[in-house]
Amino acid sequence: MKGADVSSISPLVSFVLGAAMATVCVLFFMSASPTRRLADISAFSTGNGTQEGLHLASAANHDNGVADGDTPAAEVVTATPAPAPAPAQAPSPWGDLEEVLQRAATKDRTVIMTQINAAWTRPGSLLDLFFESFRNGEGGVARLLDHLVIVTMDPAAYEGCQAVHRHCYFLRTSNGVDYRSEKMFMSKDYLEMMWGRNRFQQTVLELGYNFLFTDVDVMWFRDPFRHISMAADIAISSDVYMGDPYSLRNFPNGGFLFVRSSAKTIDFYRAWQQGRWRFFGKHEQDVFNLIKHEQSAKLDLAIQFLDTTYISGFCQLSKDLNKICTLHANCCVGLGAKMHDLRGVLDVWRNYTAGTPDERRTGKFQWKLPGICIH
């Protein structure tokens, strides 16, 4: 009986000892690789998506020389730096000029420009006569108002412009001049205004726009662009026209001026601005006349002087109403004198456009002469 008891207990002891040793081995294995243990638990609990992720992690470990079952080195996560904010653009010293030019420009980036102050925007003043000439003009000249930028010199002029026109620009200056009142010819403030206008024109060229500048005391009856040569870098009206449009003997008038934007014309304007100090006390039109020979040769610049038969003025008056395109109240000093004579000009033009073809052809209509300035 004793021998039977011992033999029946031995298998039981062997089983218990074997199970204990197996448990010890499992615990030793898991304690030796805690990362693998946690990964196995996680893979089991989350399914295929996590298992795929773990397979990728295991492959990465192999690529990095880490054997399965070993603890991988801590992964260094490098944060992607946030993109640097774009530097703030400094406000343009010209304000909304580019926006105004873009709205007004033709397809070939050409604008018409005039410049006014408060004295010329009052009801019944020059700006009203200027608009009237376009509206009573022929050949669709009124459509050119869509491309006109009115440059204003003071807040009152800017407000007045906005009430009657789409494209207005307020040219702010820092020279201390009050531009609200009329500036007498060749006064200090007059010269500041003229040279400031010249610098502004240079800026328009530098922005890549061609321009036709017109004084506001120029009456527009027909489209003048047909008389501006495609070969001209600069086309300027004439106080005195000698008959040859490319002769530098002609006397220029900057109150009606077309300039194509190019490196050559910008260089010309820089020389023109420097001429203010070379010929101190002269206004910009006189300086143009003084540098035209030198700069046209240096820059290979084509300067066209416009025929006064078509682009006329009080200095050299065209009396053929069948051909005239524009008429400038030049050689005339004082707002009152200009207003008087230009009203008479518009009266004659209205009668002319109302006349029969025969009356117009035979030259029945002529300017009222003499006026204060017109003769």
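The rules behind the values
- Residues numbered from 1 in each chain as written.
- Predicted model: local features only at pLDDT ≥ 70, side-chain atom pairs only at ≥ 80, totals over all residues.
- Heavy atoms only, no water.
- Helix = DSSP H or I, 4+ residues; strand = E, 2+ residues; numbered from the N terminus.
- Contact = heavy atoms within 4.5 Å.
- Areas by Shrake-Rupley, 256 points an atom, 1.4 Å probe, with all protein chains shown as cover.
- Axes fitted to C-alpha atoms, helices over the stretch in contact; angles between N-to-C directions.
- Parallel < 35°, antiparallel > 145°, perpendicular 65-115°, else oblique.
- Left-handed = near helix turned anticlockwise from the far one by under 90°.
- Nonpolar A, V, L, I, M, F, W, Y, C, P; charged D, E, K, R; others polar.
- Pairing = 2+ DSSP bridges.
- Buried < 20%, exposed > 50% of the residue type's maximum accessible area, 1.4 Å probe, protein only.
- Core = buried A, V, L, I, M, F, W, Y, C linked by side-chain atoms within 4.5 Å.
- Right-handed = clockwise from strand over helix to strand, strands pointing away.
- Salt bridge = Lys/Arg side-chain N within 4 Å of Asp/Glu carboxyl O.

Novice: Which residues make up the overall build of the protein, and what values go with them?
Specialist: Regarding its fold elements, the protein presents 11 helices and 10 strands. Within the protein, counting contacts between residues at least 6 apart in sequence, those at least 24 apart form 68% of the total. If you sum the accessible surface of the protein, you get close to 20300 Å²; carbon and sulfur atoms cover 58% of it.

Novice: Mind laying out the side chain of N250, listing which residues take part and the relevant values?
Specialist: With respect to the element layout, N250 can be found in the loop between β6 (234–240) and β7 (251–259). Leaving out residues up to four positions away in the same chain, N250 has contacts with V240, Y241, M242, G243, D244, P245, N289, K292 and F305.

Novice: So, the packing of helix α8 (residues 263–278) against helix α9 (residues 284–299): which residues are in play, and what are the values?
Specialist: Between α8 and α9, whose axes approach to 9 Å, the crossing angle comes to 135°. The angle between α8 and α9 places the two elements in the oblique class. The chirality of how α8 crosses α9 is right-handed. Listed contacts from α9 to K264, D267, F268, A271, W272, G275, R276 and R278 of α8 are E284, V287, F288, I291, E294, Q295 and L299. Residue composition of the contact of α8 with α9, grouped by class: 7 nonpolar, 2 polar and 6 charged.

Novice: Before we move on, could you go through the sheet that holds strand β3 (residues 168–170) and cite the residues and values that matter?
Specialist: Taken in spatial order, the 7 strands line up as β3-β2-β1-β4-β7-β6-β8 in an open sheet, and their pairing is mixed. Of all the strands in the sheet, just β3 and β8 (303–305) have a single pairing partner and so form its edges. Shown here is a sheet whose adjacent strand axes are inclined to one another by a mean of 35°, direction ignored. Across the face of the sheet, α9 comes into contact with β6, β7 and β8 while running at roughly 75° to β7.

Novice: So what about the pairing of β6? Which residues, and what values?
Specialist: Taken across its 7 residues, β6 has 6 buried, putting it largely inside the fold. Examined bridge by bridge, β6 and β7 share 6 bridges and lie antiparallel to one another. Paired with S238 across the strands is P252, a residue of β7. Pairing analysis gives 3 bridges linking β6 to β8, with the strands arranged parallel. By the bridge assignment, A235 is partnered in β8 with Q304.

Novice: I'd like a rundown of the packing of helix α5 (residues 126–135) against helix α10 (residues 335–354), residues and numbers included.
Specialist: Where α5 meets α10, the axes come as close as 10 Å, and the angle between the chain directions of the two elements is 20°. With respect to each other, α5 and α10 are oriented roughly parallel. As α5 runs across α10, the sense of the crossing is left-handed. On the side of α5, the interface is formed by L126, L129, E132 and S133, while α10 contributes L335, M339, L342, R343, L346 and R350. When its residues are assigned to classes, the contact of α5 with α10 shows 6 nonpolar, 1 polar and 3 charged.

Novice: So what about the nonpolar core? Which residues, and what values?
Specialist: In terms of nonpolar packing, the biggest core is built from 50 residues, with F130, W220, F221, F314, L327 and W367 touching the most fellow members. Elements supplying a minimum of two residues to this core: β1 (110–116), α5, β2 (148–152), β5 (218–220), β7 and α10. With 9 residues, the single largest contributor to this core is α10. With residues up to four places along the chain from it excluded, the contact list for F221 reads S133, G137, E138, V141, I324, C325, L327, V345, L346, W349 and W367.

Novice: With reference to specific residues and values, describe the pairing of β2.
Specialist: Here is the key point about a regular strand: its side chains alternate between the two faces of the sheet. Of all the 5 residues making up β2, 5 are buried; the element is thus mostly covered by neighbouring parts of the structure. Side chains L148, I150 and T152 of β2 all project onto a buried face; the interleaved residues V149 and V151 project onto the opposite face, where all are buried too. Bridge analysis of β1 against β2 gives 5 bridges, and the strand direction is parallel. Within β2, the position partnered with I116 by the bridge is T152. In this view, the connection linking β1 to its parallel neighbour β2 by way of α5 has right-handed handedness.

Novice: Tell me about the pattern of salt bridges, and name the residues and values.
Specialist: In total, this model carries 17 salt bridges according to the counting rule given. As a salt-bridge pair, E192 and R276 come within 3.2 Å of each other at their nearest N and O atoms. Separated by 84 residues along the polypeptide, E192 in helix α7 (residues 188–206) and R276 in helix α8 bring together distant segments of the chain. With relative accessibility at 21%, the residue E192 sits in the partly exposed group. Between R350 and D347 there is a salt bridge, with its nearest N and O atoms 2.3 Å apart. Placement of both R350 and D347 in helix α10 is noted, with a separation of 3 residues, approximately one turn of the helix. Here R350 falls in the partly exposed class, since its relative accessible area comes to 33%.

Novice: Give a description of unusual backbone geometry that names residues and reports values.
Specialist: A cis geometry characterises the amide bond from L369 onward to P370, with omega recorded as -10°. Even without a glycine there, the phi angle at R109 is positive, about 65°. With respect to the helices and strands, the residue R109 is situated in the loop between α4 (97–104) and β1. Exposure remark for R109: the relative accessible area of 36% places this residue in the partly exposed category. A positive phi angle, close to 55°, is found at D300, a residue other than glycine.

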